[in-house]
Number of protein chains: 2
Amino acid sequence: MASIKDVAVEAGLSVATVSRALNGHPSVSPAARRRVEAAVETLGYRPNAVARSLRTDRTRTLGLVISDVMNPYFTELARSVEEEARALGYSVVIGNADERPDLQDHHVTTLLDRRIDGLLVSPTDGGSPGMLAAARAGTPMVFVDRWIPGVDVPVVRSDGRAAVRDLVAHLHGLGHRRLAIIAGPAATTTGRERVDAFREALGAYGLALPGTYIGQGDFQAESGRRATERFLDLDEPPEVVFAADNLMALGALDAVRARGLRVPEDIALAAFDDIPWFVHTDPPVTAIAQPTRDLGRAAVRALVERIAGRAGESVTLPARLVVRRSCGKPGKPGNSSIESPSPVRRSTP
Amino acid sequence: MASIKDVAVEAGLSVATVSRALNGHPSVSPAARRRVEAAVETLGYRPNAVARSLRTDRTRTLGLVISDVMNPYFTELARSVEEEARALGYSVVIGNADERPDLQDHHVTTLLDRRIDGLLVSPTDGGSPGMLAAARAGTPMVFVDRWIPGVDVPVVRSDGRAAVRDLVAHLHGLGHRRLAIIAGPAATTTGRERVDAFREALGAYGLALPGTYIGQGDFQAESGRRATERFLDLDEPPEVVFAADNLMALGALDAVRARGLRVPEDIALAAFDDIPWFVHTDPPVTAIAQPTRDLGRAAVRALVERIAGRAGESVTLPARLVVRRSCGKPGKPGNSSIESPSPVRRSTP
DNA sequence: ATCCTCCGTGTAATCGATTCCACAAGGAGG
DNA sequence: CCTCCTTGTGGAATCGATTACACGGAGGAT
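K.L.:
Got a sec to walk through the protein's contact with DNA strand C? Specific residues and values, please.
P.N.:
Surrounding DNA strand C, one finds 25 residues, the nearest of these being Ile4(A), Ser19(A), Tyr45(A), Asn48(A) and Arg55(A). Each atom of DNA strand C within 4 Å of the protein was assigned to sugar, phosphate or base; sugar and phosphate come to 60%. Take Arg52(A): an N or O atom from its side chain is 3.0 Å from a phosphate oxygen of DNA strand C. Within the side chain of Arg55(A), an N or O atom sits 2.2 Å from a base oxygen of DNA strand C. For the surface near DNA strand C, the elements supplying multiple residues, two or more each, are α2 (15–22) and α4 (49–56) of chain A together with α2 (15–22) and α4 (49–56) of chain B. Among the residues making up the surface near DNA strand C, the classes are represented as 11 nonpolar, 9 polar and 5 charged.

In structure tokens, the structure reads:
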């Protein structure tokens, strides 16, 4: 592959002048500039980004370490991050942590070894050693979606509290009183916050959230299935299951169907994170939608600010409730009662 | 950040010895090795991959240019590619072409500028200039899923012919005779092949595939919706719509539902590419499943072979039919007739 | 005792860019 | 006509690694 030296020879100039011409430096004569362009053209020269990075100490690359690419929410996030980054002249290298702290650390160190200019992370846990080290070392960093308390890094996320309140109001209005949640890992902020928000919203209606109605999930479909089975095995199973992410909702749907039960007639279902497929599931799933695109954009902008040495502000955007049919219809018989407990239902087929 | 020079000073050795110790070169005394390890530890040294790449001309990075990350099929492909690459000591940089040739070219050139060791591509079109140039320039390359005829590059893909035959047999067995397809872009191999396979399979039953029953799609949901609407507007609408990918199937489902029609009672639906959500849509969608994980693995292995200067073989794996409920049930009244045309249905509500 | 090996280490070139500094040419001002 | 400044260009150092080559000393063979 042709190097800048070849271009210099071809153009009859020094590498210094070629470099200046290529970088739009003002003190290059139009004639020289033309000769450089011609030489570049004939040689098909492309600057070696590796060499450039070594010299300038900038790679114009951002690292994005994501909890789970197979989760459509994160896929969309990754997409919007790449879009915004590209608009700002950056490339993005994605690392998929698969909800595993060790994999997360692997990607963080690999990315730092590659000397990316900045790091976008949605942490899988409370802070793996590699990531904390990166934060301390002063790598420009921004947390997105999830964050780690106590680490001084801007956070771009959405606040689901209001939407969860809306959801609980919706459920309460439909007559549901026994509400359960499938939580995410306690090590993640989103895992904890969603449970807290749910409990708080229930409290406003004088409803409690007993331990048996909190399922421990890990944001993966399989855990949603298991948690739901446990709910269904209870003497008094919940009337509603709220899954803290879309994959666990998918698992819940699996479990319900496996027992021959129907949503929402036998049990209602709602999820955090809205995705296109929820429109077409049977039934369409009521969900809390995050402004994913905006989150990705804001995160990149904050990170680029950090890279430029400026503050880079934290951003919190509101999520909103999208009502579909998985919790039942208002005024539907058997669910419209307010005071009396919901009709008896089979706990197992 | 500490450099190898700092380590050398700290250990009281030359950079050459440090480098050799770090790379496991045999001619380093145990004593020196220990001192290097200690110095690395105290300084928290990590080798600069940029400098290393400049010198060795290897980045241990693969580029993956994908047609559309938001498509679950490609997401899964990307995941398996990354997994296998990681196992072989490579990182993967993903570029999302979003089915746009210009974006595809942007990513290819960016990746080449970064001097990735090899390129995995599922081309969006018949060959954008940048990609053809890369292939000619001798960049180790492998096509995955889709390929470009006439370009001498190994291809890792799956063959859907048999599965499409099975699908048509299944549909024919259910009594369907008017079968339509939503095709992908003619510029892609998968776009053409799936139509060809479908037509061929129909031919075996003496059925034709009229032009009006071929919808032009672009592998995106919206195009599936439009094509389906056009089908439904026909005087004699098809009894079955076969979408050449999962996103267009989603769009088709949209369109059918928007008219108040039901699947499979009013119109049957099948799709190429199986995804987890198809189990939970209403109704569950009959689909042709590719061995995505295996494809990703095989593609990486072929590429690494190429990088090592060896041939790198093309691989073709079979796809298989997964029957669900979106085409109707065997023996279902109204669909079991063989000779008589299917029952009259509303073309518009 | 002399010479030859082999082992461990260091010096320095190298990869492909960027950029500081020096310098030549030419015009302006005295 | 000499000095000074501006403009365009080139030489060379530099980024952080790898690696060819040289070299000094220990040990074995003669």
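That covers the picture; the talk isn't over yet.
K.L.:
Any chance you could break down the sheet that holds strand β7 (residues 214–216) of chain B for me, citing the residues and the numbers?
P.N.:
All names here are of chain B. Taken in spatial order, the 6 strands of this open sheet run β7-β6-β8-β9-β10-β12, and their pairing is mixed. At either end of the open sheet lies a strand with only one pairing partner, and these are β7 and β12 (320–322). Pairwise comparison of adjacent strand axes, ignoring direction, gives a mean angle of 20 degrees for this sheet. As paired strands, strand β6 (residues 179–183) and β7 are joined by 3 bridges and run parallel to one another. Each bridged residue has a counterpart across the sheet, and for Ala183 the counterpart in β7 is Gln216. Each of β6, β8 (240–243), β9 (268–272), β10 (286–289) and β12 is contacted by helix α8 (residues 161–173), which is oriented at about 35 degrees to β12, the strand it contacts most. Strands in contact with helix α11 (residues 246–258) are β6, β8 and β9; relative to β9, the strand with the most contacts, it is inclined by about 160 degrees.

K.L.:
I'd like to hear about the protein's contact with DNA strand D, residue by residue, with values.
P.N.:
Inspection of the region around DNA strand D gives 25 residues, with Ile4(B), Ser19(B), Tyr45(B), Asn48(B) and Arg55(B) positioned closest. Here DNA strand D approaches the protein such that, of its atoms within 4 Å, sugar and phosphate make up 62%. One nitrogen or oxygen atom from the side chain of Ser29(A) is found 2.8 Å from a phosphate oxygen belonging to DNA strand D. Ala51(B) places a main-chain nitrogen or oxygen 3.4 Å from a base nitrogen of DNA strand D. Among the secondary structure elements, those contributing two or more residues to the surface near DNA strand D are α2 and α4 of chain A together with α2 and α4 of chain B. Among the elements that take part in the surface near DNA strand D, α4(B) stands out by supplying 5 residues, more than any other.

Basis of the calculations
- Residues numbered from 1 in each chain as written.
- Chains lettered and ligands numbered in written order.
- Predicted model: local features only at pLDDT ≥ 70, side-chain atom pairs only at ≥ 80, totals over all residues.
- Heavy atoms only, no water.
- Near = heavy atom within 4 Å.
- Polar contact = N/O pair within 3.5 Å; in protein donor to acceptor, adjacent residues only side chain to side chain.
- Helix = DSSP H or I, 4+ residues; strand = E, 2+ residues; numbered from the N terminus.
- Nonpolar A, V, L, I, M, F, W, Y, C, P; charged D, E, K, R; others polar.
- Pairing = 2+ DSSP bridges.
- Axes fitted to C-alpha atoms, helices over the stretch in contact; angles between N-to-C directions.
- Contact = heavy atoms within 4.5 Å.

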